[in-house]
Amino acid sequence: MKGLTSIPFARQAAELLIAPKPFSPEIENRQPMFWARVIHFEHRYWSINRLMTGLPITNMLELSSGFSFRGLALSHEQPVYYIDTDLPDLIATKQQFVDAFEASPAVANTPERTGHYEIQPLNALDTAAFNTIVDRLPPGPLLILNEGLLVYLDDAEKVQLCGNILGALQRRGGYWITADIYIQQDLDPALIDTSDQLAQFLQQHKVEEKKFRDFEAAADFFTRMGFIVDEEARPDYTQLSTLPHLMAAAGPDLQKKMRQVPKMQATWRLRAKP
C-alpha cells in the first residue's frame, strides 16, 4: 500500500519486496476502503515529519521502523545523525534494501548525503540494548520516533518502553514523537473488511484490545509514565498524494459516511516532565 504513496523509497521497497514479479498496483480497480487505508498510512508518516519541523535537534533514533526509510531520506537532506532500528531479522533484510537504493539512480541522482545514517538491530524493550544504541549518538538532545509499535504491545510492554525512552530523554533532553495514539472504536460494519490479510493480521495480534480506551486515557497513561504532551500533529489530508484516488473511488454517500467516522489516531510529541 505504501508503494502507492509519495513516502520516500516506499515504491522502490515495494518493488524489491515482490521482485522478480513486477509491481503492478492496478490503481483503477481498488475499492474506496483500500484508499482510505492507504491515506491513513501516508498521513501517519507525514504527521511525524510535521512535528519534527523546526526542532533544533540532529540526533535521531527511530524505533521499530519496519520498511520505512525516513532516516535515509533525511540524511540526504539535512546534517542529521540518524539511527534506524528494528528486530534483527527485519534489519538484515532492510540493509539489503538500503544497499540496493544507494546503488540505484534514485539515490545516485540526489544531492550528496549531508547526514549520517545507519541501521541497527534493536528490541526496544531491552533496556541495556536500548541504552547502548542511545550511547552511539553524539552528545546532545535526542529525537526518538516511532509509528506502528505501541499497538502491538500489552500494558506491561508499554510501561517498559516508556521507561526506556524516559530515561534517555532525562539524561539527554529532547522529544519522543509517536504516531501510535490509537483508540478503540466500534466502527460501522460497512466500513470494515475482515476478509483481507491486514485485518486478519490485526485480529491475530489483538491490536484493537491493545489500543487506548480514548484520548483522555492515552494522555493519562503518558502523564503517569513521566511525560508531557508537547504538541499534536494537525492533519492536512489535502497534501496527500493518494487523496484524489479516494475521491475518485468513493461516491458522495460514502464520502459523507467516511467524514462522520470519529478520529481514531493521533500523533503526539512528548517530552519528559521537568
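Given the structure is predicted, the values throughout are model-derived calculations rather than measurements.

A. Structural context of the sheet that holds strand E3 (residues 116–121). Taking strand neighbours across the sheet as the criterion, the seven strands line up as E3-E2-E1-E4-E5-E7-E6 in an open arrangement whose pairing is mixed. Each edge of the open sheet is held by one strand with a lone partner, namely E3 and strand E6 (227–232). Strand-to-strand, the axes of this sheet are offset by a mean angle of 25°, without reference to chain direction. Note: strand E1 (residues 59–63) against strand E4 (residues 142–146), five bridges, orientation parallel.

B. Examining the packing of helix H6 (residues 127–136) against helix H7 (residues 155–172) more closely. Put simply, H6 and H7 touch, their axes get as near as 10 Å, and they point 35° apart. Seen along the crossing, H6 lies across H7 with a hand that is right-handed. From H6, Thr127, Phe130, Asn131 and Val134 reach across to H7, where they touch Gln160, Asn164, Ile165, Ala168, Arg171 and Arg172. When grouped by side-chain class, the residues that make up the contact of H6 with H7 number four nonpolar, four polar and two charged.

C. A look at the packing of aromatic side chains. Tallying each qualifying case throughout the model produces 15 aromatic pairs. When the ring of phenylalanine 9 is compared with that of phenylalanine 69, the centres are 6.4 Å apart and the planes differ by 65°; the resulting orientation is edge-to-face. Here the residue phenylalanine 9 occupies a position in the segment before helix H1 (10–18), and phenylalanine 69 occupies one in the loop between E1 and helix H3 (70–75), the gap between them amounting to 60 residues. Across the pair, phenylalanine 69 and phenylalanine 9 agree in class, each one buried.

D. Broad picture of the pattern of salt bridges. Going through the model one piece at a time under the given rule, you end up with 14 salt bridges. Between glutamate 147 and arginine 70 there is a salt bridge, with its nearest N and O atoms 3.4 Å apart. Within this pair, whereas glutamate 147 is found in the loop between E4 and H7, its partner arginine 70 is found in helix H3, the two being separated by 77 residues in sequence. When salt bridges with common partners are traced through the structure, they connect Arg44, Glu62, Arg70 and Glu147 into a single cluster.

Cut-offs applied
Going along each chain's sequence as written, the residues are numbered from 1 onward. Where totals are concerned, whole chains, interfaces and linings use all residues; where local detail is concerned, this predicted model gives features only for residues with pLDDT of at least 70, and gives and counts side-chain atom pairs only at 80 or more. Excluding hydrogens and water, the side-chain figures rest on all heavy atoms present in the structure. Pairing between strands is defined by DSSP: at least two bridges between the two strands are required. Here a helix means four or more residues in a row that DSSP labels H or I, a strand means two or more in a row labelled E, and each is numbered from the N terminus. Axis geometry follows a simple rule: fit a line to the C-alpha atoms, using only the stretch in contact for helices, then measure angles between N-to-C directions, giving values from 0 to 180 degrees. When the near helix sits turned anticlockwise from the far one by under a right angle, the crossing is termed left-handed; a clockwise turn instead gives a right-handed crossing. Only heavy atoms enter the contact rule, under which two residues are in contact if any of them lie within 4.5 Å. We call Asp, Glu, Lys and Arg charged. Ala, Val, Leu, Ile, Met, Phe, Trp, Tyr, Cys and Pro are nonpolar, and the rest, Gly among them, are polar. Two rings from Phe, Tyr or Trp (for Trp, the six-membered ring) form a pair when their centres are within 6.5 Å of each other. A pair whose planes differ by under 30 degrees is stacked, one over 60 is edge-to-face, and the rest are tilted. Burial classification: accessible surface area is computed with a 1.4 Å probe over protein chains only, and a residue below 20% of its type maximum counts as buried, one above 50% as exposed, and the rest as partly exposed. For this document, the term salt bridge refers to a Lys or Arg side-chain nitrogen within 4 Å of an Asp or Glu carboxyl oxygen.

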